[in-house]
Amino acid sequence: MTPTDEEWRERFKNMTPVPFPEELAEKIRQQAKEQPKLAKSRLRESVSHRIRVWKTTGVALAGVAVAGVIVASVFPFGKGANQAPLHAPLQAPVQGPKSSASSSATSGTTTATLPGTAQNQTSSMAASVAGFGLQAAKLNIGPVQVGSGPTWPTNSYVKTNLTNIGTQPVSNKNTFGILYFTKPGVNVTSWTQSDSATFVNVLNSPTQPPIAPSSIVQWSFHPVGAPHANDGSLTEVPHLAFYQTGLVNANQADQFWMSAPVQIQIVSVQPTLWANHQAQTISLHMSVTNSSLQSVKMHNLWFIIWFSSNPSADFTQPNVVRFLDFAPSQQQGAVLTPGGQLMVNLQEVGGANTNFGAMYPHVAAVLR
Amino acid sequence: MKNDETASSQPALALLDSWVRDYGPDVINLAYTYLRNYHLAQDVSQDVFLRAYTHYASFRGDSSVKTWLLSITANRCRDYLRSWASRHEVMEEGILDYEAADFSTEHEVEEQLQRDALWAAVQSLPIKYREVLILYYQRGLSGQEIAEVLNTSEQNVRTRLHRGRQLLKGKLEEGGVTHDTNR
């Protein structure tokens, strides 16, 4: 016999309710209270960085700065998630010390001091960041498609048209982008939910003039390391988003990247020039500690890594070298219990001309 | 309700408290309906309220707060189920075992939920049926409200409710249920 509507309702009324624990309510309350701190901040003014001693070993990274080949517009995704910027900020060709950094942070963001300049100094700045509020760039992005280019395999480029719909010229100084991939048929609302993602520049090359208001330009990028077939062609659907540099109040943000409740401590940063001098691998060794009362799944974390000459520069700034990455595959299944810690090694690939050893490293963790 | 109030103000915090108090059970029950995991449901519930809080200014008041929050919940859960994280859940299950000692209360809840025959039967249905069944019968939303939450037509909701009831009846009569592995 078929139950009536009322009988169904009665049955459902008696089913075990999923409780909403008071601890969860309190956690939400606490996290919400931290939002105003973010709302008041432009990162330059108040983003949290704890600066700690950067110990230098004094081992020179000979030859890094003299590499003559620029890895222009071709940067690996690494494990499908990291990327060096299209053109790393050029550094004076000085010796870059092999460096190790010791730093800590109370939020997902950490910064280490410049090697050789602040030894034995310890200072700390503001405390916590609940996330990163970003405003969309004044660009209309045309259909983002896979296509072919002059150098790399067929269908290994991502292409689109960009139209400046604002009133100011758009350039790498005021805009940065994220290219990310999803499997066909999968819709996501943010790059954080994608399979792989990388920072990209808005201009194809440093010599390209800014995009003038109302003008349209072709945009093209060859993402090495993004999901691809044996023949090198891209196998997933590309998506592209551009943001204005600078962080904004969460309420003004078009996208808000929520910080993960972890502390990150950079233990060491080791740049190694490739044998062919075309790029360098930056090995970043760090600890990730769950600072919350709930478990944190490593596969829910994205790491934003950036190197800057200015210790307080946020990752959106034009002259930083930035990467996106996540924990190595063997650590993806790990779950950090409250207070639990995991050592994580990330490997990024950057331009050969960048003196990473002379820049401030920063890491922030955001949630998928 | 004012739409122009910033989420950083004390009144907004008080408002958030009232949302959590009034709609927390609705949000977490719907999240559990999708995710079938109490811990994940808590994670998503937290995310939903913080998102609502930070995007309060964008809430236009053309739907109720309840349907707005449930709509965010449904979207966040769908995003999660489509995500890389969801597809790697199997890898994590072995690791979750050692968490049990620290989260005994949570596991007790999870066990209670898993023992509930009606939950088990509902969870064995495809998402499109279980979401409407839970929203209609357990959370007491009208067909129109469910249509708003799920961004579909009221007719579609009625159709799914009808079919969902049939499937649920069949599952309960069978006694045993097996989960749809495709969620």
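Every value quoted in this text rests on a predicted model; they were computed, and no experiment measured them.

**Remarks on the overall build of chain B**
Part 1: What chain B contains, in helices and strands, is ten helices and zero strands.
Part 2: When the helices and strands of chain B are placed in sequence order, the string is α-α-α-α-α-α-α-α-α-α.
Part 3: Counting only residues that meet the buried cut, chain B has 54% of its 183 residues in that class.
Part 4: When contacts within chain B are restricted to residue pairs at least 6 apart in sequence, those whose partners lie at least 24 apart make up 73%.

**Observations regarding the interface of chain B and chain A**
Part 1: Opposite the 57 residues of chain B that make contact, chain A presents 49 residues.
Part 2: Taken together, both faces of the contact between chain B and chain A bury some 4,900 Å²; the carbon and sulfur share is 62%.
Part 3: Linking chain B with chain A are three salt bridges.
Part 4: Summed over the shared surface of chain B and chain A, the number is twelve residue pairs in polar contact (both at pLDDT 80 or more).
Part 5: The element contributing the most residues to the side of chain B that touches chain A is helix 2 (residues 38-54) of chain B, with twelve residues.

**With respect to the packing of helix 1 (residues 5-13) of chain A against helix 10 (residues 154-174) of chain B**
Part 1: Where helix 1 of chain A contacts helix 10 of chain B, the two axes come as close as 13 Å, and the packing angle between them is 60 degrees. The pairing of helix 1 of chain A with helix 10 of chain B is recorded here as oblique in orientation. Judged by the sense of rotation from one axis to the other, the crossing of helix 1 of chain A with helix 10 of chain B is left-handed. Residues Asp5, Trp8, Arg11 and Phe12 of chain A of helix 1 of chain A lie in contact with helix 10 of chain B, whose contacting residues are Arg165, Leu168, Lys169 and Leu172 of chain B.

**Considerations on the pattern of salt bridges**
Part 1: Considering all chains together, one arrives at 17 salt bridges over all chains under this definition.
Part 2: A salt bridge links Arg139 of chain B to Asp26 of chain B; the nearest nitrogen and oxygen atoms lie 2.8 Å apart. Of this pair, Arg139 of chain B sits in the loop between helix 8 (127-138) and helix 9 (143-150) while Asp26 of chain B is found in helix 1 (residues 10-35), placing the two residues 113 residues apart along the sequence. Per residue, the accessibility class of Arg139 of chain B equals that of Asp26 of chain B, and both read buried.
Part 3: When the shortest N-O distance is used, the salt bridge between Arg76 of chain B and Asp47 of chain B registers 2.5 Å. A residue pair is termed long-range when its members are at least 10 positions apart, and Arg76 of chain B in helix 3 (residues 65-82) and Asp47 of chain B in helix 2 qualify at 29 residues.
Part 4: Each of Asp5, Glu6 and Arg9 of chain A together with Arg165 of chain B takes part in salt bridges that share partners, so that together they form one network.

**Things to note about the sheet that holds strand 14 (residues 237-244) of chain A**
Residue and element names in this part refer to chain A.
Part 1: Read across the open sheet, the three strands follow the order 12-11-14; overall the sheet is antiparallel. On the outer flanks of this sheet lie strand 12 (196-200) and strand 14, each paired with one strand and no other. Each adjacent strand pair in this sheet contributes to an overall mean axis angle of 20 degrees, direction not counted.

**Regarding the pairing of strand 16 (residues 262-273) of chain A**
All names here are of chain A.
Part 1: In the sheet, strand 16 pairs with strand 17 (residues 279-290) via eleven bridges, with the strands oriented antiparallel. The residue bridging Gln263 from the neighbouring strand is Thr289, located in strand 17.
Part 2: Where strand 16 folds back on strand 17, the antiparallel hairpin that results is connected by five residues, among which His277 adopts a positive phi of roughly 60 degrees.

**Observations regarding the side chain of Glu236 of chain A**
Residues and elements named next belong to chain A.
Part 1: For Glu236, the location among the structural elements is in the loop between strand 13 (216-224) and strand 14.
Part 2: Side chain to side chain, Glu236 and Lys183 meet in a polar contact 3.2 Å long.
Part 3: What Glu236 contacts, discounting residues up to four positions off in sequence, is Val146, Phe181, Thr182, Lys183, Asp195 and Pro227.

**Comments concerning unusual backbone geometry**
Part 1: A positive phi angle, near 75 degrees, is found at Ser214 of chain A, a position not held by glycine.
Part 2: Relative to the helices and strands, Ser214 of chain A is located in the loop between strand 12 and strand 13.
Part 3: One non-glycine residue with positive phi stands out, namely Asn151 of chain B, at about 55 degrees.

**A closer look at the environment of Gln155 of chain B**
All names here are of chain B.
Part 1: In this fold, Gln155 is placed in helix 10.
Part 2: When the C-alpha positions of Gln155 and Gln144 are compared, they lie 9.0 Å apart, and in sequence the two are eleven residues distant.
Part 3: Among the polar contacts made by the side chain of Gln155, one reaches the side chain of Arg158 at a distance of 3.1 Å.

**Let's talk about helix 3 of chain B**
The periodicity of an α-helix, 3.6 residues per turn, causes residues three or four places apart in sequence to face the same way.
Part 1: Its 18 residues place the ends of helix 3 of chain B 26 Å apart at the C-alpha level, agreeing with the 26 Å of an ideal helix rising 1.5 Å per residue.
Part 2: Judged by how many residues are buried, helix 3 of chain B sits mostly within the fold: 14 of 18 residues are covered.

**With respect to the confidence of the model for chain A**
Part 1: Mean pLDDT over chain A works out to 74, with 74% of the residues at or above the 70 mark.
Part 2: Here residues 113-129 of chain A is modelled with pLDDT under 50, and outside its nearest four sequence neighbours on either side it reaches 53 contacts, counting other chains as well.

**Overview of the packing of helix 3 of chain B against helix 9 of chain B**
All names here are of chain B.
Part 1: Helix 9 packs onto helix 3 with a crossing angle of 45 degrees between their chain directions and a minimal axis gap of 8 Å. It follows that helix 3 is oblique to helix 9 by the angle criterion. Note that helix 3 runs across helix 9; the crossing there is right-handed. Counting all contacts with helix 3, which are made through Thr67, Leu70, Ser71, Ala74 and Arg78, the residues of helix 9 involved are Glu145, Glu148, Val149 and Leu150.
Part 2: Taken together, the residues of the contact of helix 3 with helix 9 break down into four nonpolar, two polar and three charged.

Reading guide: rules and limits
Residues numbered from 1 in each chain as written. Chains lettered and ligands numbered in written order. Predicted model: local features only at pLDDT ≥ 70, side-chain atom pairs only at ≥ 80, totals over all residues. Heavy atoms only, no water. Helix = DSSP H or I, 4+ residues; strand = E, 2+ residues; numbered from the N terminus. Buried < 20%, exposed > 50% of the residue type's maximum accessible area, 1.4 Å probe, protein only. Contact = heavy atoms within 4.5 Å. Buried area = accessible area lost by both parts, 1.4 Å probe. Salt bridge = Lys/Arg side-chain N within 4 Å of Asp/Glu carboxyl O. Polar contact = N/O pair within 3.5 Å; in protein donor to acceptor, adjacent residues only side chain to side chain. Axes fitted to C-alpha atoms, helices over the stretch in contact; angles between N-to-C directions. Parallel < 35°, antiparallel > 145°, perpendicular 65-115°, else oblique. Left-handed = near helix turned anticlockwise from the far one by under 90°. Pairing = 2+ DSSP bridges. Expected span 1.5 Å × (residues − 1). pLDDT = per-residue confidence, 0-100. Nonpolar A, V, L, I, M, F, W, Y, C, P; charged D, E, K, R; others polar.

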